[in-house]
Amino acid sequence: MSNRSLPGLVSRDGETRVRVTKGLELTKRQSMLALVGLLVVFAIPDIATVTPSLQLTVVHQGLLFGLAAVGLNLLLRHTRLVSFGHAAFFGTGAYTAAVLAAKFDVASFSLLLIAAMVVATLVAAIVGYLSLRHTGLYFSLLTLAFGQLLYALVQGQSFFGSSDGLPVRPGAARQPLIFGLALDSEAYAVILYYLTVIILVVSLVVMWRLVNSPFGNALDAIGQDRTRAQFIGIPVQRYVWIAFVISGVYGGVAGALYAMVQQHVRPGPVLYFLRSGDILFMAILGGFQTLLGPLVGGVLLVFLQDVGRDVTAYFDALTGVALLIIVFGLPRGLVGSLRAGGLLAAATRDFRENPAVVGEWISAAVTGIVEATRNWLRDVQSILGVR
Amino acid sequence: MLRADSLRKSFGNVRATDDVSVEFGKETGEMVFIVGPNGAGKTTLVNLLTGHLTPDSGRVLLDDEDVTGLSPDERVHAGLVRSFQVVKLFEEMTVRENVRTAVLSQHRLTRSMFTLRDGHQEVEQTVAGLIDKFGLAEHADTVAEELAHGTRKLLDVAMSFGLDPDYLLLDEPTAGVSTREKAYVIDTIAEVSREEGVTTVTIEHDMDIVSEYADRVVALHQGGVHGEGPPDILETDDELRRLLLGVEQ
């Protein structure tokens, strides 16, 4: 019984699958993809040494903001709540690490990370408790308000270094010690990167388990119909609060790692509301209906912003253009659209086997267009108030 | 027994529920129907009983325990379950997932974070049983929003029974259902609640259904209880007939 939940090879529906965790069993193709993906991620430090256009810190930052976006996506995808203040938790994690290192000479990587998790949990519990009294727009505005409050607080206090921020250099050490090791800065960057990747993989597996659990099911139910969820016995308020805290902790972990990577934190890049917007955008860019989408979105957006800076003075516009393309062209986001790509491949196969299937497609398309036109007309009518 | 004790609720100047004291489930498994003209306060009463609304004064007692202060979800776990007039389903979930969500909640498993949502044997068995019992097998893997109206009503009721209620409050379970399907929906409700000893309290406008299925009728008018008794009060109480049907004496 117990070893059935361990990772390994299992046989399912007559084929061998790779079990990552209980219930998550990848087919041969999926395992290959996952392996290639992991290899690429692991090879980034080496690739970065040969190509100047790809910098390790950029990818590293992208993965970390992506991790925060994975956390935010728990709320966005499942409870359907749009948090516009997730930089608050990213910033909380970053500043917890910075304050402990700069002011209290805490040098241990693990200690800084754990402390950041604890503080992020507390902050998310308070912000969540107050914001979740409302839903919809008011919830979003409250998270935005709390985020800005935190930003103003840090910006205004000399203890937090005001707008100059704080270095993440504990005492005499140039950087935090990883498992007690004082490394030179290059080794530090690479080892920290690999630790991030490991934390990332664990975080993703944990998130997968969470969203596929009965608790995740309850969050889906809450997202789809709050009232009904409560009337089938789900303590809606408490569960949404728990989800909010978990979501915040993901941000806190990412922020702490970010602080240790950058070795300096300033309020602007980690706490300002535009950062909250970025994190939200990353989830949508990568595809918020998927587990991996927000992560891909994170890497891509940070990369775009970095490259854009060299290419054009209007690099901020790049983000806007990317957002427009996604909303109008790929509303499922990048990873979500890959799935649609799979559908396209299946359709091509169908067509090769039986060209007559085109007839079905045309009739489906016509029905779809008629339906869409009817809906559109109805919308216009109701907006104009003519029925 | 589910008891309303001097419940009052006003919206502005309107007394939607005006000193209502009634009892449901005097005999376990009885089918009580709430009747009354539009605006009589039927839905408000159900909302007060289930915790969707808080009364201005009065109490709700469940098996002699005061549950007025309990939240809706706590009342569900105490055995008090309701459905809504406009069917509320988890629209993006399949029929099976909808029922599973209810049964997981009934088993108090929704707090489980690291088991699989479809990995609980006893839950899956209950879910399969309910899907069978309510004739939903052929739609088990259909997404709720694609279901026909009558099927949606059945799924709604199946979910309610999945919560293992002692008292089930149904707000117009046959509203908007075709005449042909009406009988099937109400028959199924009657049959399953009899089997499981569930007391049902049903708001219903169709007097044919009321007289055929009711063990007892509670008539509301202008927020208060107009009268209650066996279904033949629908025939004998002229005042009630006038209120309900507009029939002159």
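Residues numbered from 1 in each chain as written. Chains lettered and ligands numbered in written order. Predicted model: local features only at pLDDT ≥ 70, side-chain atom pairs only at ≥ 80, totals over all residues.

Chain B appears in an unreviewed UniProt entry as Branched-chain amino acid ABC transporter ATP-binding protein from Haloferax elongans ATCC BAA-1513.

Looking at an unreviewed UniProt entry, one finds chain A named Branched-chain amino acid ABC transporter permease and attributed to Haloferax elongans ATCC BAA-1513. Quoted verbatim from the Subcellular location (unreviewed entry) field of the UniProt record, the comment on chain A reads "Cell membrane". (UniProt positions renumbered as here; feature names shortened; annotations may be inferred.)

Draft legend 1. Here's a closer look at the sheet that holds strand β3 (residues 24–26) of chain A. Residues and elements named next belong to chain A. Taken in spatial order, the 3 strands make up an open sheet running β1-β2-β3, and their pairing is antiparallel. Edge positions in the sheet fall to β1 (8–12) and β3, since each of these pairs with one other strand and no more. Each strand of the sheet is rotated relative to its neighbour by a mean of 45 degrees, with strand direction disregarded. Across 5 bridges, β1 lies against strand β2 (residues 15–21) in antiparallel orientation. Of the residues in β2, the one forming a bridge with serine 11 is threonine 16. (Pairing = 2+ DSSP bridges. Helix = DSSP H or I, 4+ residues; strand = E, 2+ residues; numbered from the N terminus. Axes fitted to C-alpha atoms, helices over the stretch in contact; angles between N-to-C directions.)

Draft legend 2. Highlighting the interface of chain A and chain B. Contacts between the two partners involve 22 residues from chain A and, on the opposite side, 27 residues from chain B. Taken together, the residues of the side of chain A that touches chain B break down into 9 nonpolar, 9 polar and 4 charged. (Contact = placed C-beta atoms within 7 Å. Nonpolar A, V, L, I, M, F, W, Y, C, P; charged D, E, K, R; others polar.)

Draft legend 3. The arrangement of the packing of helix α3 (residues 87–104) of chain A against helix α9 (residues 236–262) of chain A in detail. Residues and elements named next belong to chain A. For the pair α3 and α9, the least separation of the axes is 6 Å and the interaxial angle reads 45 degrees. Overall, the two elements α3 and α9 adopt an arrangement that is oblique. Classified by chirality, the crossing of α9 by α3 is right-handed. Here Phe89, Phe90, Gly91, Thr92, Gly93, Ala94, Thr96, Ala97 and Ala98 of α3 come into contact with α9, specifically with Gly248, Gly251, Gly252, Val253, Ala254, Gly255, Ala256, Tyr258, Ala259 and Met260. Across the contact of α3 with α9, the residue classes break down as 11 nonpolar, 8 polar and no charged. (Parallel < 35°, antiparallel > 145°, perpendicular 65-115°, else oblique. Left-handed = near helix turned anticlockwise from the far one by under 90°.)

Draft legend 4. Structural context of the domain arrangement of chain B. All names here are of chain B. Each domain of chain B was delimited in the assignment, giving domain 1 (1–79 + 165–249) and domain 2 (89–164). Residue-level contacts link 12 residues of domain 1 with 11 residues of domain 2. The element contributing the most residues to the side of domain 1 that touches domain 2 is helix α6 (residues 179–196), with 5 residues. Among the residues forming the side of domain 1 that touches domain 2, the class breakdown is 8 nonpolar, 3 polar and 1 charged. (Domains from an automatic or database assignment.)

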